[in-house]
Amino acid sequence: MITLGIIIWWNIKSDTEKSDFFFSIGNYKKAIDYNQDNNYAWMELSVSYNKAGDFKKDFKYLNKAVDLSPSSHLGYRGWIRLRKIRDYDKALIDFDRLDNLTPNFVDYPWSENINFLRGECHYGNKKNKKAIECFNKNIKEQKEGWADVHSFVYLGLCEYELGNYEKSISEFKRAIEHSKYVPEASFGISKAYYKLGNIEKAKESILEAESTFDYKREDNYNEFLNEIYLSEIREFKEQLDK
C-alpha cells in the first residue's frame, strides 16, 4: 500500500514539481530531464566543473543558466570569469549587464559588492584610475566601517602603481585601521617607504608584514590579484638589509 501511495503521489506531480524535487536532493541532471528551464539546476551542474578547472563544460551549463535567467546568474558568471580565468573584459561585460538589469539596486555577485569586483577587473587590466573609482564607490555603498578591508588595500596598490607613494601609504593605513592584521597593507607600506627613500620605516613595515603573514587573504580554489607570498616578503626584507 505504501509503494502504491508513493506511485500515485509521484504520478500526480507536474514535471516542474518533479524537477524541483530532484534539484532539492542534488540530482541536477535529473532535474533538467524533467524541466529544461530549471535555470538553477543548470547553474549548479556547472559548479563541480569550475572547481575542477574544466571551464569548457562549466560554461556549457552556466551559459544555459544565464540564457534562462540573466539577472540570477550573470553575476556568478562574471565572478567566475574574474576569479577563475582572469578574463577581465568579459567579466566587466557581465557585471555591467547585470547592473543594467537591476536599476536602483546594488548587486552582490557571489556575496561580493559588484563595484569591488569591477575594481578588481580594472586593476587586473592595469587601469588604475578606473579601479580607484570603483573601489571608492564600493566603500561609499557599503560604508567605511563595513567595506571589505581589501578595498583599501587595492586603493593603496593602485596609488602605488600610479607613483603616488604617500597617498598609497595613506590608503594602506586605512586598511590597518579597519583590521589590525593586514599583511598585504604592511607589505605595500614597506614598498612605498622604500620608494620614498625611508629605509627605516620600510624595515618596520616589512617586519609587520612578516609577523602577520598568517592573516593573509587566501582561498583554496583561487589566487587573488593582490595575493602575497612569504617568499617575496623575505626577499624584499633581504633587499632592505643590504
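Figured I'd write up the structure that's included with this text. Think of each chain on its own: its residues are numbered from 1, step by step along the sequence as written. It should be noted that, the model being predicted, local features are given only for residues of pLDDT at least 70 and side-chain atom pairs only at 80 or more, the latter also being counted only at that level, while totals for whole chains, interfaces and linings use all residues. Only heavy atoms go into the side-chain values, all of them from the structure, while hydrogens and water stay out.

**Some points on the layout of surface pockets**
Cut-off, in case you're wondering: Definitions used throughout: a 1 Å grid over protein atoms alone; a cavity as a set of points that fits a 1.4 Å probe which cannot get out; a pocket as an open set with protein on both sides within 12 Å along at least five of seven lines; a lining residue as one with an atom within 4 Å of a point. Grid points are joined across faces, edges and corners, and a volume is the space filled by probe spheres set on the points. Numbering of helices and strands runs from the N terminus; a helix is a DSSP stretch of H or I covering at least four residues, while a strand is a stretch of E covering at least two.
If you add up the space inside the largest pocket, you get close to 210 Å³. Contributions of two or more residues to the lining of the largest pocket are made by helix 10 (150-161) and helix 12 (183-195).

**Brief notes about the packing of helix 4 (residues 39-52) against helix 5 (residues 55-68)**
Operational definition: Lines fitted to C-alpha atoms define the axes, with helix axes restricted to the stretch in contact, and inter-axis angles between N-to-C directions lie between 0 and 180 degrees. We call two directions roughly parallel when the angle between them is under 35 degrees, roughly antiparallel when it is over 145, roughly perpendicular when it lies between 65 and 115, and oblique otherwise. Crossing handedness follows the turn of the near helix against the far one: under a right angle anticlockwise gives a left-handed crossing, and clockwise gives a right-handed one. By definition in these notes, contact holds between two residues if any of their heavy atoms fall within 4.5 Å. Residues were grouped as follows: Ala, Val, Leu, Ile, Met, Phe, Trp, Tyr, Cys and Pro as nonpolar; Asp, Glu, Lys and Arg as charged; and all remaining residues, including Gly, as polar.
The interhelical angle for the contact between helix 4 and helix 5, taken along N-to-C directions, is 160°, at an axis separation of 8 Å. If you check the angle between helix 4 and helix 5, you find them roughly antiparallel. Like other packed secondary-structure pairs, helix 4 and helix 5 cross with a definite hand, here left-handed. Residue-level inspection shows Asn39, Trp42, Met43, Leu45, Ser46, Tyr49 and Asn50 of helix 4 in contact with helix 5, the latter providing Phe55, Lys57, Asp58, Tyr61, Leu62, Lys64, Ala65 and Leu68. Residues belonging to the contact of helix 4 with helix 5 are distributed by class as follows: 9 nonpolar, 3 polar and 3 charged.

**Describing the pattern of salt bridges**
Going by this rule: Just to be clear on terms, a salt bridge is a Lys or Arg side-chain nitrogen sitting within 4 Å of an Asp or Glu carboxyl oxygen. Exposed residues in this analysis have more than 50% of their type's maximum accessible area, buried residues have under 20%, and partly exposed residues fall in between, with area computed by a 1.4 Å probe over protein chains only.
Applying the stated rule across the entire model yields 14 salt bridges. A salt bridge links Arg118 to Asp96, with the shortest nitrogen-to-oxygen separation between them at 3.0 Å. Linking Arg118 in helix 8 (residues 114-124) with Asp96 in helix 7 (residues 88-101), this pair joins segments that are 22 residues apart in sequence. Residue Arg118 is classed as buried on the basis of its relative accessible area, which comes to 9%. A residue is classified by how much of its surface remains accessible, and Asp96, at 35% relative accessible area, is partly exposed. A salt bridge links Asp99 to Arg118; the nearest nitrogen and oxygen atoms lie 3.0 Å apart. Of the two residues, Asp99 is situated in helix 7 and Arg118 in helix 8; the sequence distance between them amounts to 19 residues.

**Some points on the nonpolar core**
Under the convention used in this document: Working definition of a nonpolar core: buried Ala, Val, Leu, Ile, Met, Phe, Trp, Tyr and Cys residues. They are joined through side-chain atoms within 4.5 Å.
The biggest cluster of nonpolar side chains holds 59 residues, and the ones touching the most others in it are Tyr76, Cys121, Val153, Ala175, Phe187 and Ile233. Per element, the largest residue contribution to this core is 7 residues, and it comes from helix 10. Filtering out sequence-adjacent residues up to four positions away, Val153 remains in contact with Phe172, Ala175, Val182, Glu184, Ala185 and Asn226.

**Some points on empty space enclosed by the protein**
Inspection of every chain in the model, using the stated rule, returns 1 cavity of 30 Å³ or more. By volume, the largest cavity amounts to about 30 Å³.

**Some points on the side chain of His122**
Mapped onto the elements, His122 comes out in helix 8. Accessibility expressed as a relative area gives 11% for His122, which makes it buried. Those residues in contact with His122 that sit more than four places away from it in its chain are Leu92, Lys127, Lys130, Ala131 and Cys134.

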